[in-house]
Amino acid sequence: MKVLVTGAAGFIGSHLCRALADQGHEVTGVDAFTDFYPRWMKESALKPLISRPGFTFLSEDLNRIDLRALLDGQDAVFHLAAQAGVRQSWGRTFETYVLNNIQNTQRLLEAARDIRPAKIVYASSSSIYGLTPDLPMKETSPVAPLSPYGVTKLAAEHLCTLYQKNYGLPVVSLRFFTVYGPGQRPDMAFHRFLKSVLEDREIVVYGDGSQTRDFTYVDDIVAACLSALVSGRDGEVYNVGGGHRERLSNVISLLEDVCGRPIRRRFEDKQKGDVPDTLADIDKARRDLGYSPRAGLRDGLSREWEWIRTLYDSGRHATQE
Ligand SMILES: NC(=O)c1ccc[n+]([C@@H]2O[C@H](COP(=O)([O-])OP(=O)(O)OC[C@H]3O[C@@H](n4cnc5c(N)ncnc54)[C@H](O)[C@@H]3O)[C@@H](O)[C@H]2O)c1
């Protein structure tokens, strides 16, 4: 198939592009290199892809480019481009969230009305559940975002659903739960913690560490994306989580094992927008997508630790050049 991946230089997008190319698809990746985190990290994620036959990269902004021309000839679209990050979504930067989460999705869906790709998979988020009363969170649970980021991801997910209902677009939304692994964004907890350990600094924990998260290894997210392409039901939303939750303080103890050294912690105020707990009910994804998360937290964290060590070694060179 000819497949378009938006947000291709990002954490999850770059993994997905590699997996699609491995499956023999012809992949076009598009990314605007937004300045949320350093460009050299995204270039390093793209590096193994860029020279691969069957992979084309476009450095373009979805809010500016002619999307009909971009979609023309594509059989499927994975829409991952977004402004991520819960804590940064307050205040003036909200405008960026509106542009890169809502507006670009609406533009993409409008273009898809004309071009009609066979499948569109949208990267939604567990943040749309916010303070829902249900744990585990089910696709039918009330949505109650607690952050402006969550509101924009929910708005875009609703746009996907309503374009499916009104225009029959074959859109499937996947609600990702806290993704980790090599390539993780530098604003995310494990990346921040591991970088601090590497630099022999104390880690900063927001809140008292009692918050729980359903952590999902990036390969499991990619597997769910690939399945959604084939067996995701149009107009449906699916939770994609690791299948169980872990207390943050326990993960930090596990990180001490993985890194082989004690970790000094500094506790700071809970951040606005952070929810106390997440846990995905993944029965629907199991049933329809054959989804079954495989990664264990210890193995996944070891792989991220290995990656962090290599990244900052090569990153030092990249920033010195
Ligand atoms: N990482 C997680 O834990 C997580 C959890 C839930 C949902 N998601 C969703 O998954 C997707 C990927 O997340 P990620 O963690 O890989 O984030 P990321 O920031 O690493 O990747 C997103 C990419 O989108 C690009 N982008 C943003 N706006 C664009 C635009 N207008 N045009 C072109 N490119 C643009 C950015 O440059 C970036 O490289 C996002 O939609 C995010 O909301 C991620």
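Scroll up to find the structure.
Because the structure is predicted, anything quoted here is derived from the model rather than measured.

Caption draft 1: The site of the ligand, seen in detail. Residues in close proximity to the ligand total 31 residues, the closest being Gly7, Gly10, Phe11, Ala82 and Val179. Broken down by secondary-structure element, the contributors of at least two residues to the shell around the ligand are helix H1 (11-22), strand S2 (26-31), helix H4 (94-115) and strand S5 (119-125). Tallying contributions element by element places H1 first for the shell around the ligand, with three residues. Looking at side-chain class alone, the shell around the ligand contains 15 nonpolar, 11 polar and five charged residues.

Caption draft 2: Local environment of H4. Compared with the 32 Å implied by 1.5 Å per residue over 22 residues, the 31 Å span of H4 between its first and last C-alpha is a close match. Those residues of H4 not exposed but buried are Tyr97, Asn100, Asn101, Ile102, Asn104, Thr105, Leu108, Leu109, Ala111 and Ala112. Where H4 terminates, the next one or two residues include Arg116, which has phi positive at roughly 50°.

Caption draft 3: Highlighting the packing of H4 against helix H5 (residues 148-167). Packing of H4 against H5 leaves a shortest axis separation of 9 Å and a crossing angle of 10°. In terms of their interaxial angle, H4 and H5 are classed as roughly parallel. Taken together, the residues of H5 that come into contact with H4 (itself represented by Phe94, Tyr97, Val98, Asn101, Ile102, Thr105, Gln106, Leu109 and Arg113) are Pro148, Tyr149, Thr152, Lys153, Ala155, Ala156, Leu159, Cys160, Tyr163 and Tyr167. Each residue belonging to the contact of H4 with H5 can be placed in one class, and the counts come to 13 nonpolar, four polar and two charged.

So, how was this worked out
- Residues numbered from 1 in each chain as written.
- Predicted model: local features only at pLDDT ≥ 70, side-chain atom pairs only at ≥ 80, totals over all residues.
- Near = placed C-beta within 6 Å.
- Helix = DSSP H or I, 4+ residues; strand = E, 2+ residues; numbered from the N terminus.
- Nonpolar A, V, L, I, M, F, W, Y, C, P; charged D, E, K, R; others polar.
- Expected span 1.5 Å × (residues − 1).
- Buried ≥ 20, exposed ≤ 12 C-beta atoms within 10 Å, placed from the backbone.
- Axes fitted to C-alpha atoms, helices over the stretch in contact; angles between N-to-C directions.
- Parallel < 35°, antiparallel > 145°, perpendicular 65-115°, else oblique.
- Contact = placed C-beta atoms within 7 Å.

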